[in-house]
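Architecture and fold: a report
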Amino acid sequence: MIFGKQENMFFLTKQIKFTKFAKKKTKSLFFSSIKPSQNHYNSEYLNRENFDLIYEKIKDARREKDAPVDYFGSEACVEQGGGKEAENFQRLIALIISVQNRDKSTAEAMDKMKKNGLSLEQINEMDEESIKNMIGNVNYKNKKAKFIKQAASIIKNKYDSVIPTKLEELLEFPGIGYKIAVLYLNDTLQDNIGIGVDTHVHRIANRLGWVNTKEDRNKTRTELESFIPKEKWRELNGLLVGFGQQICLPIQPKCHSCPLKFLCPIPK
Ligand code: SF4
């Protein structure tokens, strides 16, 4: 049957109406499975009711493990097979270098250091200037070279060449704050010592309404640790960092293709 122009317009209008109805229906069905209050964003409101659902969706979005943090993050910089203490030392150095630095540039600096033999003994024999030259591509290279040198000396002289495994002891090292200390201990001990909050974790936790701590990153950590189950603390950093590198970007986040677009209170 061949339709005239008028009939075609009639069917087209019907089809558009039906598509709009179907979309509305799908959305309302989806929202009916979400706890009701989460859809209202204001600075006071905390969106924690759907934490488990959001967490699973982020895990799913990160299943390929193909973000820069997966290829170049501090854990990826550790040479395997050199023994536990040698691996721990490289892990600690990678974390010191990684502060306010891009993962790729951290990996490049670590590669240069590993070519020279990145071990406790080697660093203790080197002078600060040589370390600075090797990590020349990273932010705050002067300070970081100093911190690396000091860490190697403390580990050798105070702890008999074994990196301490107590949080309070690590926090006494110059240049090692809570984030580095817990990320180090979480990986070294394969435990959930604390949540490492960096710029990605801080930003995403605030955008999702898990916390309302935009001005204070330390508060983000204490707030997150107050309601997130401990068994998730170790995993959280890597998940959110990659999610922040690929989807919830600092500028122009990809909200329209984000799997959390109906769960996130940020207006789209
Ligand atoms: S919807 Fe946008 S702001 Fe919210 S988590 Fe996704 S990318 Fe980030």
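Residues numbered from 1 in each chain as written. Predicted model: local features only at pLDDT ≥ 70, side-chain atom pairs only at ≥ 80, totals over all residues.

A count of helical and extended segments in the chain gives 13 helices and zero strands. Residue burial in the chain is summarised as follows: out of 268 residues, 34% are buried. Contacts spanning at least 24 positions in sequence make up 62% of the contacts within the chain whose residues lie at least 6 apart. (Helix = DSSP H or I, 4+ residues; strand = E, 2+ residues; numbered from the N terminus. Buried ≥ 20, exposed ≤ 12 C-beta atoms within 10 Å, placed from the backbone. Contact = placed C-beta atoms within 7 Å.)

For the rest of this paragraph, the subject is the site of the ligand. Neighbouring residues of the ligand: Arg207, Leu208, Ile247, Cys248, Pro253, Lys254, Cys255, Cys258, Leu260, Lys261, Cys264 and Ile266. Residues of the shell around the ligand, tallied by class, amount to nine nonpolar, no polar and three charged. (Near = placed C-beta within 6 Å. Nonpolar A, V, L, I, M, F, W, Y, C, P; charged D, E, K, R; others polar.)

Core analysis: the biggest nonpolar cluster contains 59 residues, and Ile96 and Ile148 have the highest contact counts within it. Viewed by domain, this core spans two of them, domain 1 (35-64 + 194-268) and domain 2 (65-193), each represented by three or more residues. In this structure Ile148 touches Ile93, Ile96, Ile123 and Ile131, once residues within four positions along its chain are discounted. (Core = buried A, V, L, I, M, F, W, Y, C linked by C-beta atoms within 7 Å. Domains from an automatic or database assignment.)

Another aspect to go through is the packing of helix H4 (residues 84-98) against helix H5 (residues 103-115). Packing of H4 against H5 leaves a shortest axis separation of 9 Å and a crossing angle of 135°. On the basis of the axis angle, H4 is oblique to H5. Helix-helix and strand crossings are classified by hand; for H4 and H5 the assignment is right-handed. Here H4 contributes Ala94, Ile97 and Ser98 to the contact with H5, which in turn contributes Thr106, Ala109 and Met110. In the contact of H4 with H5, the residues fall into four nonpolar, two polar and no charged. (Axes fitted to C-alpha atoms, helices over the stretch in contact; angles between N-to-C directions. Parallel < 35°, antiparallel > 145°, perpendicular 65-115°, else oblique. Left-handed = near helix turned anticlockwise from the far one by under 90°.)

Taken N-terminus to C-terminus, the directions of H4 and helix H10 (residues 178-189) make an angle of 150°; their axes are 10 Å apart at the nearest point. The orientation of H4 with respect to H10, classified from their angle, is roughly antiparallel. Remark: the crossing between H4 and H10 carries right-handed chirality. For the pair H4 and H10, contact is made by Asn88, Arg91, Leu92, Leu95 and Ile96 and by Ile180, Leu183, Tyr184, Asp187 and Thr188, respectively.

On to the environment of Pro174. One can find Pro174 in the loop between helix H9 (167-170) and H10. The class of Pro174 is exposed, set by 12 C-beta atoms lying within 10 Å. With 28 residues separating them along the chain, Pro174 and Lys146 place their C-alpha atoms 8.9 Å apart. The residues contacting Pro174, other than those within four sequence positions of it, are Phe147 and Gln150.

Turning to its location among the elements, Leu249 is positioned in the segment after helix H13 (233-246). Residues Leu249 and His200 lie 49 residues apart in sequence; the distance between their C-alpha atoms is 8.4 Å. If we skip the residues at most four places from it in the chain, Leu249 touches Gly244 and Lys254.

Positive phi is not limited to glycine here, since Tyr140 has a value of about 55°. Mapped onto the secondary structure, Tyr140 falls in the loop between helix H7 (128-134) and helix H8 (141-158). One non-glycine residue, Gln252, lies in the positive phi region at around 50°. Examined against the element boundaries, Gln252 turns out to sit in the segment after H13.

Attention shifts here to the confidence of the model for the chain. On average, residues of the chain score 88 in pLDDT, and 83% of them reach the 70 mark or higher. The low-confidence segment residues 10-14, where pLDDT is below 50, has zero contacts with residues more than four positions distant or belonging to other chains. Segment residues 16-42: pLDDT under 50, and 17 contacts once partners within four positions in sequence are set aside and those in other chains are kept. (pLDDT = per-residue confidence, 0-100.)

Structurally, Pro68 is set in helix H3 (residues 68-72). C-beta crowding within 10 Å serves as the criterion here: with 17 such atoms nearby, Pro68 is assigned to the partly exposed category. Spatially, the C-alpha atom of Pro68 lies 7.1 Å from that of Lys104, the residues being 36 residues apart in sequence. Excluding its chain neighbours within four sequence positions, the residues that come into contact with Pro68 are Asp103, Lys104 and Gln245.

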